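# An overview of the molecular structure
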Amino acid sequence: MATITLKGNAIHTSGELPKVGSKAADFELVKTDLSTIKLSDLKGKNVVLNIFPSVDTGTCAASVRTFNKKASELQNTTVLCISRDLPFALARFCGAEGLENVVPVSDFRAGAFGKANGLEITDGPLAGLHSRVVIILNTEGEVVYTEQVQEIVDEPNYEKALAAL
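The present account deals with the structure reproduced in this document. Computed from a prediction, not measured in an experiment: that's the story for all the values here.

## Considering the overall build of the chain
Of regular secondary structure, the chain possesses 4 helices and 9 strands. Going from the N terminus to the C terminus, the chain shows its helices and strands as β-β-β-β-β-α-β-α-β-α-β-β-α. Taking 2.2 N^0.38 as the reference for a compact globule, 165 residues should give roughly 15 Å; the C-alpha atoms of the chain span a radius of gyration of 14 Å, in line with that estimate. For the chain, the spread of C-alpha atoms along the principal axes amounts to about 40 × 35 × 30 Å. Split into buried and exposed, the 165 residues of the chain put 48% on the buried side. Surface summary for the chain: the accessible area is close to 7,600 Å², and the carbon and sulfur share equals 50%. Considering the chain, the positive charge centre built from 16 side chains and the negative charge centre built from 20 side chains are found 2 Å apart.

## Remarks on the packing of helix H1 (residues 58–71) against helix H2 (residues 87–97)
Relative orientation and spacing of two packed helices are given, respectively, by the angle between their axes and the distance between those axes. With their axes 12 Å apart at the nearest point, H1 and H2 run at an angle of 55 degrees to one another. Judged by the angle between their axes, H1 and H2 are oblique. Seen from above, H1 lies across H2 with right-handed handedness. Counting all contacts with H1, which are made through Ala61, Val64 and Arg65, the residues of H2 involved are Phe93, Cys94 and Glu97. Split by residue class, the contact of H1 with H2 holds 4 nonpolar, no polar and 2 charged.

## Points about the packing of aromatic side chains
Across all of its chains, the model carries 2 aromatic pairs by this definition. Taking 5.2 Å as the distance between ring centres and 75 degrees as the angle between the ring planes, the aromatic pair formed by Phe67 and Tyr158 counts as edge-to-face. Linking Phe67 in helix H1 with Tyr158 in helix H4 (residues 158–163), this pair joins segments that are 91 residues apart in sequence. Relative accessible area serves as the criterion here: at 7%, Tyr158 is assigned to the buried category.

## Structural notes on H1
Residue pairs spaced three or four apart in an α-helix point in one direction, given the helix's 3.6 residues per turn. With 14 residues, H1 extends 20 Å between its outermost C-alpha atoms, agreeing within 8% with the 20 Å of an ideal straight helix rising 1.5 Å per residue. Considered for burial, the residues of H1 that qualify are Thr59, Cys60, Ala61, Ala62, Ser63, Val64, Phe67, Asn68 and Ala71. Elements in contact with the buried residues of H1: strand E5 (46–51), strand E6 (77–83), H2, strand E8 (133–137) and H4.

## Structural notes on unusual backbone geometry
The backbone phi angle of Lys7 is positive, close to 55 degrees, even though this residue is not glycine. Looking at the element boundaries, Lys7 is found in the loop between strand E1 (3–6) and strand E2 (9–12). Given a relative accessible area of 67%, Lys7 falls into the exposed group. Positive phi, close to 50 degrees, is recorded for Asn76, a residue that is not glycine.

About the criteria used
Residues numbered from 1 in each chain as written. Predicted model: local features only at pLDDT ≥ 70, side-chain atom pairs only at ≥ 80, totals over all residues. Heavy atoms only, no water. Helix = DSSP H or I, 4+ residues; strand = E, 2+ residues; numbered from the N terminus. Rg over C-alpha atoms; globule rule 2.2 N^0.38 Å. Buried < 20%, exposed > 50% of the residue type's maximum accessible area, 1.4 Å probe, protein only. Areas by Shrake-Rupley, 256 points an atom, 1.4 Å probe, with all protein chains shown as cover. Lys, Arg positive; Asp, Glu negative; His and termini not counted. Charge placed at Lys NZ, Arg CZ, Asp CG, Glu CD. Axes fitted to C-alpha atoms, helices over the stretch in contact; angles between N-to-C directions. Parallel < 35°, antiparallel > 145°, perpendicular 65-115°, else oblique. Left-handed = near helix turned anticlockwise from the far one by under 90°. Contact = heavy atoms within 4.5 Å. Nonpolar A, V, L, I, M, F, W, Y, C, P; charged D, E, K, R; others polar. Phe/Tyr/Trp six-rings, centres within 6.5 Å; stacked < 30°, edge-to-face > 60°. Expected span 1.5 Å × (residues − 1).

What follows is the structure in structure tokens.
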């Protein structure tokens, strides 16, 4: 379990993030058209996992916008923006913002992705949602970078994350 904060108040996650150097476990998430995507579908690509509580908050929306901008400059890389938001909300946001360089996906069905990666918030007002995390995977599906943002209202360190690619 990790301890993070929400506006200075301690909250907890369900476990620890995957270790750098470990092989990422396959997962299945729901795209905005309700089809599914698995990590195994992205074999041979670098993968940025931008994980956040809800696209309907300012910081989460900013992270999706920032990764969308930076993704256009990346070679052989897919950026998944992951939350427990309904796929329809993700589609609405990305459509309204004109964001086409990221793949918005949802873990709404069972939260299995959040639980498996130790990033589900277990207490406080955001219990059941994902904490703010960035995980970078190389073309072999190995974890090369993780960041659990300590204060959930803060943005991740984009430059450090992308430097891991």
